[in-house]
Amino acid sequence: MLAANKYENPILLAPMVLFLLAFLGFPAVVDIIYSFSEITFETLRAPKLSGIGNYQKVLADPEFWQAAGFSLKFGLVTAALECLLGLFLAVFLSPLFEKRTWLLAVIMMPMMVAPAMVGLMYRLVLHEFVGPLPYYFYIWFGDSPSFLGSDNIFTTLVIIETLQWTPFAFLLCYVAYRGIPAELREAASVDGAKALRMLWYIELPLMLPTIAIAFFIRFIDGFRVFDNIFVLAGSGPGGSTTSMSIFIYLAFFKLGKIGTAVAASMLLFVAVLCLLVVVSRLSQRRASA
Amino acid sequence: MKRYTSLNFTALACAALLATTSLSQAAVTVLGWPGGPEETALRAASEAYNAKSDTAEDDKVELIFFNRDGFFDKLQADLAAGTDAFDLNLLATYSIGRYAPFMKPIELSDNAQDVYGDAVLSTMQFDGKQYGVPTDLSMHFMYYRKDLIDALLADEAAKSRYGEISEKYLGEALMPKNPDDWSWKDYAATALYFTKAINPDSPTRYGTVLQMKNLLFNIMVFHSLPRSNGGDWLDAEGNVVVDSDAYRDALKMYKLLADNGATPKDSLSYEYAEANAAFGAGQVAAMMQWNAAAGDLTNAETTPVIAGKVGTVAPPTGPEGRFTHIHGLGLGLNKNARNEDGARRFAKWLSTPEAVTVYARNGGAPGLTEKIVATVAEERPDLVPLGDYASNYGFVMNGGTSAKALSVYELQAKEFTGYWAGQQSLDEALTKTKSGMEELLK
């Protein structure tokens, strides 16, 4: 019986480990080799090791830093907006959702749409001649703003991303809000705390770890954004909406700079990994405190 | 009994698998351009080829397709991986150089020159070799509103206003002309005149619609303008000459039209579909667009607002002549083809008068010589100007079929849109384009 237990776990885990090695491990190893090689589409099977040249090129490329800056700004702004809106909805609409639980399904719907489809949808919605939004702007105000012009494109993209992913932040915040023990609220109420004080001193501190996790997950997602931006605006005039993922895609497929693209993807991987480690450590420290 | 049944089933399955494998090895597998008239035409041509009495069983053609999105990226990855899943595959003029290392040159039929003419054949050539059989030709037409231009030409007061506007914005008092006689300045003057923000009496909101999204295909649409000013990518010695007055003037004209509101506000995010929607809504007087749009823009069901009011001519003339960018789609031979001989025979047949007429009658858009197009002119009148414009005005930039041609288009798209958006100066845009091209084409 003991012998059976000894081998049971490795045997049960083996398929998953093999799957991960084949579909994640192998490409990761190939990527690492390519990132240190001179590589083109003609030499995919015979890369020539060239040291850290690709990394030096990427780090000296102003377009890489422009893309990193865009991703950072986009990730931070959208994650902050989504968490604020999600928190607001979770706290202020909680009584409504308690009574009408089916509304939760409705509010989750934007998350169900593929990001590329969202980009495509807004290409239609915002088009001056076929889109409903410019149509009503013309009827009501006699003119319509340039939603996708170079001055407004960042704001438009942030709003679209926020509209799609606020439900995710809302869901986490709502679960955290509902998880606060009722006796804490009762005790605070007996001590004379009004709603705002209760929110600030009791509920928000208890929800903070969840909000932080929601923020980091959304930040990582926003930082590596690709589909909806690429479908809606491409890499933008002058490359102004080039995120890190778009930079990597363009370098790889459109410019044929495979080494540069793979080195950039490795840097992105390391950055995200570091962030995850920090978040994980913070969560552990808070849990043990 | 049960055991025998199971064995029989296994044997049958193996036999079926072997049969399927040997069949797929024997046939000629062609990877085509999915969806749209190109697929329909290729299906008809392959059926006609398979039905021929002298087509051997091993030479029968099977077609495969994958999605259009990212088609050329996926094809590049497949070819680089040494795939033998297809014998012939789609080629485009601007990507021949990129795929040439994974392909083999082909031979066309003896009368291919009489069928296509030199300009069209050159869209499938690289390093002096024929890498593909041309199937479809893409170029640009100028689409304009006949009703609006006719009204303008008949109205003296409108002509005078037109002259005032052109003098104010272009520094020259111009008079309206027939669109077939337009220079690029006439085009710009007409675009400004039909812009409501400039001329409140204009029946349209915008005079033109420019496709200014950071996208390589939009730069192809733009290219007819600098070319008519004498612009090119490389000179005869192979030096990059993009930092020229020809490009400078062309880029400035686009910016002038955009800054003065002659094109929709969101034009920096516009491509093919958006431009068609604007023109189809009846709010644009004239635009440059791919020939493929002609079907929709002249169809009363798809664009009822402008039905019967649309004229098409070749793009306007510049100081160095009248030009339209052309590029072709075609089929080329995979270096790792399993059935190379069969593939060569099919490619050769595709360039015969018999094959191109089948292809044309079934929705394809081959660029054909006057003699050949006459045989299908009744069913496909739209193909007549295609061959005419291709031979008279068609051009491919010097370097436009090189291995890095696509990357050059991408680079120009990025830098030129940066200038149009006001993010960098014209000098910066051209300097960066020149140095980037030198890096790519060295």
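Rules used throughout
- Residues numbered from 1 in each chain as written.
- Chains lettered and ligands numbered in written order.
- Predicted model: local features only at pLDDT ≥ 70, side-chain atom pairs only at ≥ 80, totals over all residues.
- Heavy atoms only, no water.
- Helix = DSSP H or I, 4+ residues; strand = E, 2+ residues; numbered from the N terminus.
- Rg over C-alpha atoms; globule rule 2.2 N^0.38 Å.
- Buried < 20%, exposed > 50% of the residue type's maximum accessible area, 1.4 Å probe, protein only.
- Contact = heavy atoms within 4.5 Å.
- Areas by Shrake-Rupley, 256 points an atom, 1.4 Å probe, with all protein chains shown as cover.
- Lys, Arg positive; Asp, Glu negative; His and termini not counted.
- Charge placed at Lys NZ, Arg CZ, Asp CG, Glu CD.
- Patch = residues over 30% accessible without salt bridge, like charges linked within 9 Å, V, L, I, M, F, W, Y side chains within 5 Å.
- Salt bridge = Lys/Arg side-chain N within 4 Å of Asp/Glu carboxyl O.

A. Broad picture of the overall build of chain A. In terms of regular secondary structure, chain A is built from 13 helices and two strands. For a compact globule of 289 residues, the expected C-alpha radius of gyration is about 19 Å, and chain A comes in at 24 Å, more than 25% above that figure. With respect to the principal axes defined by its C-alpha atoms, chain A has extents near 80 × 75 × 30 Å. Going through the 289 residues of chain A one by one, you find that 40% of them count as buried. Summarising the internal contacts of chain A: among those between residues at least 6 apart in sequence, 65% fall at separations of at least 24. Here chain A has roughly 16500 Å² of accessible surface; of this, 72% comes from carbon and sulfur atoms. Computing the positive centroid from 19 side-chain charges and the negative centroid from 18, chain A places the two 5 Å apart.

B. Fine view of the overall build of chain B. Each helix and strand in chain B was counted, giving 19 helices and 14 strands. Here the C-alpha atoms of chain B give a radius of gyration of 24 Å, agreeing with the 22 Å that 2.2 N^0.38 yields for 442 residues. A burial count over chain B gives 57% of its 442 residues as buried. For chain B, the share of sequence-separated contacts (at least 6 apart) that also reach a separation of at least 24 residues comes to 75%. For chain B, the accessible surface area stands at approximately 17600 Å², while carbon and sulfur atoms represent 51% of it. A distance of 5 Å separates the average location of the 40 positive side-chain charges in chain B from that of its 57 negative side-chain charges.

C. Region of the structure containing a nonpolar patch on the surface. Residue and element names in this part refer to chain A. On the surface, a cluster of nonpolar side chains totalling about 540 Å² of accessible area is made up of Met-16, Phe-19, Leu-20, Phe-23 and Leu-24. Mapped onto the secondary structure, Met-16 falls in helix α1 (residues 2-35). According to the relative accessible area criterion, Met-16 is partly exposed, its value standing at 48%.

D. Structural detail: the pattern of salt bridges. Tallying each qualifying case throughout the model produces 34 salt bridges over all chains. Across the salt bridge formed by B:Lys265 and A:Asp143, the nearest N and O atoms sit 2.9 Å from each other. Remark: A:Asp143 occurs in the loop between α7 (132-141) and α8 (153-178) and B:Lys265 occurs in the loop between α11 (245-259) and α12 (272-280); the pair is interchain, linking two chains. In this structure A:Asp143 comes out as partly exposed when scored by relative accessible area, which is 40%. One network of salt bridges, in which partners are shared, links A:Glu82, A:Glu161, A:Arg218, A:Asp221 and A:Arg224.

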